[in-house]
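Take a look at the letters that make up each chain.
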Amino acid sequence: VALTWTRRDPSPRPVATPTARGDGDDPLPGLLAQVAHGDEDAFAELYRRVAGAVFGLVGRVVRDPAQAEEVTQEVFVELWRTAARFDPARGTARAWIMTCAHRRAVDRVRSAERAARRDDLAGRRDQGRPYDEVAEQVEAGLEREHVRRGLDVLTELQREAVVLAYYGGYTHREISELLGVPSGTVKTRLRDGLIRLRDHMGVHA
Amino acid sequence: MSADPHTLTGAYAVDALSDTERLAFERHLDACPACAQEARELSEATAWLGTAAPARPPADLWERVRTGAAATSQLPPAAARPGQRRAGRAGARGGRRFAALLAAAAVLLVAAVSLVALDLGRAGRPGRPVDLVAAVLRAPDARRVVAALPDGTGQAAVVVSRGEGRAVFEASGLPPAPAARTYQLWVVDRAGPRPAGLVDGGGRVTRLLEGRVDGTEQVAMTVERRGGAARPTSEPVVVVDLDP
């Protein structure tokens, strides 16, 4: 049996251009690329690396532990399904994963609890000073020093909007109702707050 | 919808938009590079908030995740879709061309071949193979060419990116190499075969081929003495033809 150990076709081909890659030491993009090709070991490693962060964030948003487990499971199955869609040119793997986790968590609280939350909001508005109670609930246990330090660079108004939206899962309209300010003001506070946070972190994705 | 969508980057980054608003804003992002850039940066900031409050998931959650993933088919890599058709044709052609060869190679899998070997050791620059694997797998021009392993034991594939000038060898269902032997990969061009790395076998393999593949026509795998050889000493177990 003859093996074609030599080139079949003598025609020249274009010279490929070397491409520089700047992933640093972050293993997540490589793991996602392997997961995209069905690599179960890479998927296990990805889980090991980010399950704590995902479960922590999801739990904070949905609050119910059983639902947090369900949503975390959904998030990882979604990461498995869509890993091929991760595009490193459009942000870090960490941001992609946490965005997926946050959106799933928010979807859960907005579907299952929508009615209850609307009633709750109406009740709080009627009682006055709604933000303090909500914020207390949302921020409870948010002890991590670096989170506090990060949030401390925000003004109090920016901070309450960011905390209610991100950790509380509230929409800008709901926050507007809670705080009794126009929703345009809430949008501005969210944007200004996150820009300040970004500059504090030195993030330039 | 707000008359000025440029102010929505913050609300978008913390998912404070309704579904309708979010979809509308994502359309805006496609048309507004400044907002897209700002939204990306603010999403990095919120991701930092998100990772900063971790909690330990219950021990059995991984098992549930694994089960759920096993029942879920994956989206194909967007960039590889056009190439997959070509890979199928190349695999079929290669299968015909090397059918007899593969039958012979099946015998070699269990045959002992005794030859002088050169220890390649760390022939390739160690670099960061995981990064390079990722770079190849997600390259816009990545193509995947498949070939069956002998005896229907499994499948080999080569993912090649001409733009990166690199290729990744993958195999599933590859039996462990015989005792004191190793699988060795070769890239073949007009100068003949060049060593491209060693593989242990025993299930699933993902291996960056050592060196560039600019002129490579074929990728082959042989069984060699442990440590590898400078030139192939046996008929290949599998040969994958790369389309130019």
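K.L.:
Just to check I follow, could you spell out helix H9 (residues 172-179) of chain A for this structure?
P.N.:
Side chains of residues three or four places apart in an α-helix project in the same direction, reflecting 3.6 residues per turn. All names here are of chain A. Within H9, 6 of the 8 residues are buried, which leaves it mostly tucked inside the rest of the structure. Of all the positions in H9, only His 172, Glu 174, Ile 175, Ser 176, Leu 178 and Leu 179 are classed as buried. Positive backbone phi, at 70°, marks Gly 180, one or two positions downstream of H9.

K.L.:
I keep staring at the packing of helix H8 (residues 156-167) of chain A against helix H10 (residues 183-201) of chain A and nothing clicks. Help me out?
P.N.:
Angle between the axes and distance between the axes: these two values describe a pair of packed helices. Residue and element names in this part refer to chain A. Running from N to C, H8 and H10 cross one another at 95°; their axes reach a closest spacing of 8 Å. If you check the angle between H8 and H10, you find them roughly perpendicular. On the side of H8, the interface is formed by Leu 157, Gln 158, Glu 160, Ala 161, Val 162 and Ala 165, while H10 contributes Arg 189, Leu 190, Asp 192, Gly 193, Leu 194 and Arg 196. Split by residue class, the contact of H8 with H10 holds 6 nonpolar, 2 polar and 4 charged.

K.L.:
Could you clarify how one ought to interpret the sheet that holds strand E4 (residues 181-189) of chain B in this entry?
P.N.:
Strand pairing in a sheet takes place through backbone hydrogen bonds and is either antiparallel or parallel in direction. Residue and element names in this part refer to chain B. One open sheet holds the 4 strands; their spatial order is E5-E4-E7-E8, and the pairing between them is antiparallel. In this open sheet, the two edge strands, each paired with only one partner strand, are strand E5 (192-199) and strand E8 (238-241). Taken over all neighbouring pairs, the strand axes of this sheet differ in orientation by 30° on average, direction set aside. In this sheet, strand E7 (residues 218-225) lies alongside E4 in antiparallel orientation, the contact comprising 8 bridges. Directly across from Trp 186, in E7, lies its bridge partner Ala 220.

K.L.:
Looking at this structure, how should I read the nonpolar core?
P.N.:
Note that soluble globular proteins tend to have their nonpolar side chains buried in a common cluster. Within the largest apolar cluster, 76 residues are counted, with the highest numbers of intra-cluster contacts made by Leu 46, Val 54, Phe 76 and Leu 190 of chain A. Here this core takes 13 residues from helix H2 (residues 40-62) of chain A, the largest share from any one element. Residues within four places of Leu 46 of chain A in sequence aside, it is in contact with Leu 28, Leu 31, Leu 32, Val 35, Ala 51 and Ile 97 of chain A. Grouped together as the second largest cluster of nonpolar side chains are 26 residues, Leu 149, Ala 156, Leu 174 and Met 221 of chain B included.

K.L.:
What should I look at first to understand the confidence of the model for chain A in this one?
P.N.:
Note: predicted coordinates in regions of low pLDDT should not be interpreted at a detailed level. On average, residues of chain A score 78 in pLDDT, and 67% of them reach the 70 mark or higher. pLDDT under 50 marks residues 1-23 of chain A. Its contacts with residues more than four places away, or in other chains, come to 55 contacts.

K.L.:
When you look at the sheet that holds strand E6 (residues 203-208) of chain B in this model, what are you seeing that I'm missing?
P.N.:
Residues and elements named next belong to chain B. Pairing within the open sheet is antiparallel, and its 4 strands lie in the order E1-E2-E3-E6. Every interior strand has two partners, whereas the edge strands, strand E1 (143-148) and E6, have only one. Mean inter-strand twist for the sheet, computed between neighbouring axes without regard to direction, equals 15°. Bridge count between strand E3 (residues 166-174) and E6: 5 bridges; the pairing is antiparallel. By the bridge assignment for E6, Leu 174 is matched with Gly 203.

The rules behind each value
- Residues numbered from 1 in each chain as written.
- Chains lettered and ligands numbered in written order.
- Predicted model: local features only at pLDDT ≥ 70, side-chain atom pairs only at ≥ 80, totals over all residues.
- Heavy atoms only, no water.
- Buried < 20%, exposed > 50% of the residue type's maximum accessible area, 1.4 Å probe, protein only.
- Helix = DSSP H or I, 4+ residues; strand = E, 2+ residues; numbered from the N terminus.
- Axes fitted to C-alpha atoms, helices over the stretch in contact; angles between N-to-C directions.
- Parallel < 35°, antiparallel > 145°, perpendicular 65-115°, else oblique.
- Contact = heavy atoms within 4.5 Å.
- Nonpolar A, V, L, I, M, F, W, Y, C, P; charged D, E, K, R; others polar.
- Pairing = 2+ DSSP bridges.
- Core = buried A, V, L, I, M, F, W, Y, C linked by side-chain atoms within 4.5 Å.
- pLDDT = per-residue confidence, 0-100.

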